[in-house]
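Spelled out, the chains give:
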Amino acid sequence: MKRLRIWATPRRIAQALLLALFVYLLSLARWPLSEALLTNAFLSLDPLLSLQAAVAGRTWVPALVYGIVLLGTTVLLGRFFCGWMCPMGTLIEWSDDLVFGHGKRRERKNHERIGRGVKYGILVVILIAAIFGEGLAYLVDPICWATRLFAYVVWPVAGTLAASSSSLFRPVFESLGWMNLARAEITPPVFGPFGVVALLFFVGVVALGRWQRRFWCRSLCPLGALLALAARYTWFHRKVAAHCTAEGKCSRVCETGAIGEDYSRYDPAECIQCGSCAKSCHTGAVTFAPGMGGAAKEPRVDLSRRAATFWMAGGAVAATWLVRDPMRLTTGDELLRPPGALPESDFLATCVRCGQCVKACPTHMLQSTALAGGVAGFMSPTARMRLGPCDQNCTACGAVCPTGAIRVLDLVEKTYAKIGNAVIEPGRCVVWEQGRVCLVCDENCPYGAIDWKEVEGERRPMVNENKCNGCGACEHACPVDGRSAIRVYPAGQIRLAVGSYAEEAGLRGLILESRSPE
Amino acid sequence: MDMVYLPPRPGRLCPGRARMKGKKSMHRRNVLKSMGAGTVAWVVAHGAPSLVFAATPDLAVIKGADPAKNVRAAVDALGGIGRFVSKGDKVVVKPNLGFGNAPIHATTTDPTVVRTVCEMALGAGAKRVMVLDNPCHKPEIVLDISGVKATLSGLDDTFVYTVRKDEGFRKVEIPRAISLKRSEVALDLLEADTLIAVPVAKSHGSAKVSFTMKGWMGVVQNRRAWHVWYDLHQAVADMATFIKPKLIVLDATRALVTEGPGGPGKVEPLRTIVAGVDQVAVDAYGVTMAPWGGSGYRVEDIPHIVRAAEMGVGNMHLDRLTIHRASA
């Protein structure tokens, strides 16, 4: 049988292409949304996210299908996802090389097993919390963090650079007659402080490389742990021929320290199929091929029964604490969620805070919130209407959500997916207070929800709650400096786990008018 | 206000009209106008529609099913596009691109009307046509949903864009203003050889109607100030003293008669294009076209039109205008 060799060079090319694809797909998470490509393909492929969302939210997450396919493929081929596809893995590997140098001595020997059980422990915590109805995967999932890194750091920085260079080079473009470029008004994206959080996380993960290469992937990554559980039974193995000279090069170059003192054996749960060992072997004794081969007799799960119990208890405590989070009780009345967001507790359980919706929101209304939604709502998307309204023509946030925490809506259903009610503060309004000629809230309201009524002989704006969608066009446009004189509150919001928003709105007697998109 | 001395208005259009204040005189323009009116009467009376006019009317009002034909007929009735656009001109076309609503909702200028005006300007030898507005909604959504960007694509030397950022504006003095003495105005508009306004006719919650003059809110950067710091009607009239379109093509192909300017409201298919060179006259005519706001207005009911007329921007008395009416 012809033996299949895996070389590191094609792998590096594949890594680069897949990272580029990841960034490209994320850049497509915007308005208007392309229907041909799945902008959330990588997040959907992640079985940890959809599993957690499905268990914690007690719901079916369609992306779980892709996750199961990945797990099945892992049983066949091992943890190839980690070595070839994972955007975070690629970034860690490259930064690792850049910062610490490839093959240089580290603090610890390459095959030493430091804290390899922790990743299983983290996985246990996530799954136990999910059983208790709480979502925790977002804190540690690598695809989530990679998405955040690009959505909250790379994209805003690139956008800001593009915006400033568009004004800087305006005269140059003009003199060249490139008017489309000269007049392109690029608005820099508006982003909260989570770029810094994502950046710090990434810096921390790279810094761990001081101990060992890809330390995150070996010891901490819960997605890696889940895939490792499948890869134990892999059918695609590393094989060492008899002419091996036992120099141990393979063990030293192994990306994940899967080869121990016995160079003819390896741990398939740790191996990420990178093929560095085969490439490094000058005798050509190392190959990867289907069929049983040089696996260590017992692929190790580095998690004792005692430790597993400890982690399970940890998951239960964390979940209980999050359920009892006193701030959470107030969130229903304080936070505005995107249209189509599931009922609050389901939403918190299913939302993995990946930042796709925040990236996709064309008006920058959606922003991650820190603790305004309680500890349980950390980094969850919230609507900040002063930054931008929920545009009537857009349903991007639901379409890009990988777990269905925001439902996929069409433009008609979106009209009825009421975010809240606008409330005028007469003391701040220039019409109520100063009698000026202003109607900015009215002219911007796409739903015709501002009525003018005679109050003591004067024409005054008032909100018709039955027509208000809570889109915040009024709050955004209000010309009063600082806090708007008209603000949206969640009162009256429609949050449905299943069923039609139009029907629910009808039952509540709302007369939201949908503008046909032609 | 009548006691205020108004200096002659700068610019190439209608010199001296400010001082006349409606008095008939042997001014060339008025002579031509009455000659024109006489000719129109004669032509109509004798049923000879193909006769070449000896003079141009003040307003051309064309009705018909095809908006492009209406625009061409209206501009031709005013003497043809060559009267307004010379070879090599940098032309700015100012439609209403305020809202991200589809054309059927009548909150933005009909894309075909904008395209026809651009085509005519290019046909007259314009070097470049710049189509711009400062929208209320998110720029890329407005340009896309309004249909203007797609409809204009493929036209050479025509650029559609929004102006919002600092570098697109310059602060100017408005010498004849009563309240809006200073404002930032779109740079491209200040530097244009020819400005053609292509507003959409619609009702308006606070200005009552929104035609040509109200549309100048889309060429300034900080329009919030018009509501919060100044009297809106006065600010609109003030800006009208400063901005001088050479040609106005008012789009009433379909009109948002109630709930303007953002809708959703009653949309009526008026199938009409009004063209003229006097923004006050065009707007005054616009008032008579439909029952704006539900019950309709007289021209004297619209404060910004009345004030602009008082400030000498143009003529709001429809009975003193020659109006060419036809079907395309």
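As a reminder, the structure under discussion sits directly above these lines.
Worth saying up front: this structure is predicted, and the values here are computed from it rather than measured. (Residues numbered from 1 in each chain as written. Chains lettered and ligands numbered in written order. Predicted model: local features only at pLDDT ≥ 70, side-chain atom pairs only at ≥ 80, totals over all residues. Heavy atoms only, no water.)

**Let's talk about the overall build of chain B**
This is how it is decided: Secondary structure elements follow DSSP: runs of H or I of four or more residues count as helices, runs of E of two or more count as strands, with numbering from the N terminus. Relative accessibility thresholds used throughout: buried, under 20% of the residue-type maximum; exposed, over 50%; partly exposed, between the two (1.4 Å probe, protein chains only). Pairs of residues are marked as contacts when any of their non-hydrogen atoms sit within 4.5 Å. Note on areas: Shrake-Rupley, 1.4 Å probe, and residue coverage restricted to the protein chains presented here.
What chain B contains, in helices and strands, is eleven helices and 13 strands. Here chain B, with 328 residues, has 62% of them falling under the buried criterion. Contacts spanning at least 24 positions in sequence make up 72% of the contacts within chain B whose residues lie at least 6 apart. Surface exposure of chain B reaches about 12500 Å², of which carbon and sulfur atoms provide 54%.

**Quick look at the packing of helix 8 (residues 142-168) of chain A against helix 11 (residues 194-207) of chain A**
All names here are of chain A. Note the threshold: Orientation is described by lines fitted to C-alpha atoms, with helices fitted over the stretch in contact, and by angles between N-to-C directions that extend from 0 to 180 degrees. The scheme is simple: roughly parallel for angles under 35 degrees, roughly antiparallel for over 145, roughly perpendicular for 65 to 115, oblique for anything else. Left-handed describes a crossing in which the near helix is turned anticlockwise from the far one by less than a right angle; the clockwise case is right-handed.
Remark: helix 8 packs on helix 11, axes separated minimally by 8 Å, with the N-to-C direction vectors making an angle of 135 degrees. Classified by the angle their axes make, helix 8 and helix 11 are oblique. For helix 8 against helix 11, the interelement crossing comes out left-handed. Of helix 11, the residues touching helix 8 (which contributes Trp145, Arg148, Leu149, Tyr152 and Val153) are Phe194, Gly195, Val197, Ala198, Leu199, Phe201 and Phe202.

**Here's the deal with the pattern of salt bridges**
All names here are of chain A. Here is the rule: For this document, the term salt bridge refers to a Lys or Arg side-chain nitrogen within 4 Å of an Asp or Glu carboxyl oxygen.
Using the criterion set out here, one finds 33 salt bridges over all chains in the structure. Where Arg213 meets Glu255, a salt bridge forms, and the shortest distance between an N and an O atom there is 2.7 Å. Of this pair, Arg213 sits in the loop between helix 11 and helix 12 (215-220) while Glu255 sits in the loop between helix 14 (249-253) and helix 15 (276-280); the two residues are 42 residues apart in sequence, bridging distant segments of the chain. Taken as a pair, Arg213 and Glu255 share a single burial class, namely buried.

**Re helix 4 (residues 111-123) of chain B**
Residues and elements named next belong to chain B. How we decide: One less than the residue count of a helix, multiplied by 1.5 Å, gives the span that helix is expected to have. By the criterion applied in these results, polar contacts are pairs of N or O atoms within 3.5 Å in which, for protein atoms, one can donate a hydrogen and the other can accept it, and in which residues neighboring in sequence qualify only through two side-chain atoms.
Over its 13 residues, helix 4 runs 18 Å from end to end, which matches the ideal 18 Å to within 8%, given 1.5 Å per residue. Every buried residue of helix 4 is accounted for by Pro111, Val113, Val114, Thr116, Val117, Cys118, Met120 and Ala121. You can read the cap of helix 4 off the contacts: a side-chain oxygen lies 2.9 Å from the backbone nitrogen of Thr112, and it is on Asp110. Once helix 4 ends, the next one or two residues include Gly125, with phi positive near 100 degrees.

**A few points about the interface of chain B and chain A**
Put simply, the rule reads: Computed with a 1.4 Å rolling probe, the buried area is the accessible surface lost when two parts are put together, summed over both parts. Each residue is assigned to one class: nonpolar for Ala, Val, Leu, Ile, Met, Phe, Trp, Tyr, Cys and Pro, charged for Asp, Glu, Lys and Arg, and polar for all the others, Gly among them.
The interface is formed by 42 residues belonging to chain B together with 43 residues belonging to chain A. Carbon and sulfur atoms make up 53% of the surface buried where chain B meets chain A, a total of about 3600 Å² over both sides. The interface formed by chain B and chain A contains one salt bridge. A salt bridge links Asp188(B) to Arg183(A); the nearest nitrogen and oxygen atoms lie 2.5 Å apart. Residue assignment for the side of chain B that touches chain A shows that the elements contributing at least two residues are strand 3 (128-133), helix 5 (139-145), strand 4 (158-162), helix 7 (187-190), helix 8 (224-228) and helix 9 (232-242) of chain B. At four residues, helix 5 of chain B tops the list of elements feeding residues into the side of chain B that touches chain A. Within the side of chain B that touches chain A, the residues separate by chemical class into 18 nonpolar, 14 polar and ten charged.

**With respect to the side chain of Arg148(A)**
Residues and elements named next belong to chain A. Rules: Counted as positive: Lys and Arg. Counted as negative: Asp and Glu, with His and the chain ends omitted from the count.
Residue position: Arg148 is located in helix 8. An unpaired buried charge is present at Arg148: no salt bridge exists, and Asp141, the closest side chain of opposite charge, is 7.3 Å distant. Not counting chain neighbours up to four residues away, the residues in contact with Arg148 comprise Tyr138, Val153, Ala198, Val352, Arg353, Cys354 and Met379.

**Observations regarding the pairing of strand 10 (residues 247-256) of chain B**
All names here are of chain B. In plain terms, the rule: The pairing criterion is simple: DSSP has to find at least two bridges between the two strands.
Across the ten residues that make up strand 10, a large majority, ten, are buried. When strand 7 (residues 194-198) meets strand 10, the two strands line up parallel, connected through two bridges. Across the sheet, the residue bridging to Ala197 is Ile248, located in strand 10. In this sheet, strand 11 (residues 267-268) lies alongside strand 10 in antiparallel orientation, the contact comprising two bridges. Bridge assignment links Leu256 to a residue of strand 11, and that residue is Val267.

**Re helix 6 (residues 87-100) of chain A**
Residue and element names in this part refer to chain A. Counted at 1.5 Å a residue, the expected span for helix 6 with its 14 residues is 20 Å, and the 20 Å between its end C-alpha atoms agrees. The buried fraction of helix 6 is high, at ten of 14 residues. Taken from the residues just after helix 6, Gly101 is the one with a positive phi, measuring 85 degrees.

**Observations regarding unusual backbone geometry**
Cis geometry marks the peptide bond from Trp31(A) to Pro32(A); its omega dihedral reads -5 degrees. In the segment running from Gly260(B) into Pro261(B), the intervening peptide bond is cis, with an omega of 5 degrees. Along the chain, Pro261(B) falls in the loop between strand 10 and strand 11.

**Things to note about the nonpolar core**
Basically, it comes down to this: We define the nonpolar core as a collection of buried residues of types Ala, Val, Leu, Ile, Met, Phe, Trp, Tyr and Cys that are connected through side-chain atoms lying within 4.5 Å of one another.
Phe81(A), Met88(A), Ile143(A), Trp216(A), Phe347(A), Leu366(A) and Ile486(A) are the most contacted members of the largest nonpolar core, which has 114 residues in total. By residue number, the principal contributor to this core is helix 8 of chain A, which donates nine residues. Once residues within four sequence positions are removed from consideration, Met88(A) is found in contact with Pro142(A), Trp145(A), Ala146(A), Phe201(A), Phe202(A) and Trp216(A). With 66 residues, the next largest nonpolar core counts Met239(B), Leu250(B), Val257(B) and Leu270(B) among its residues.

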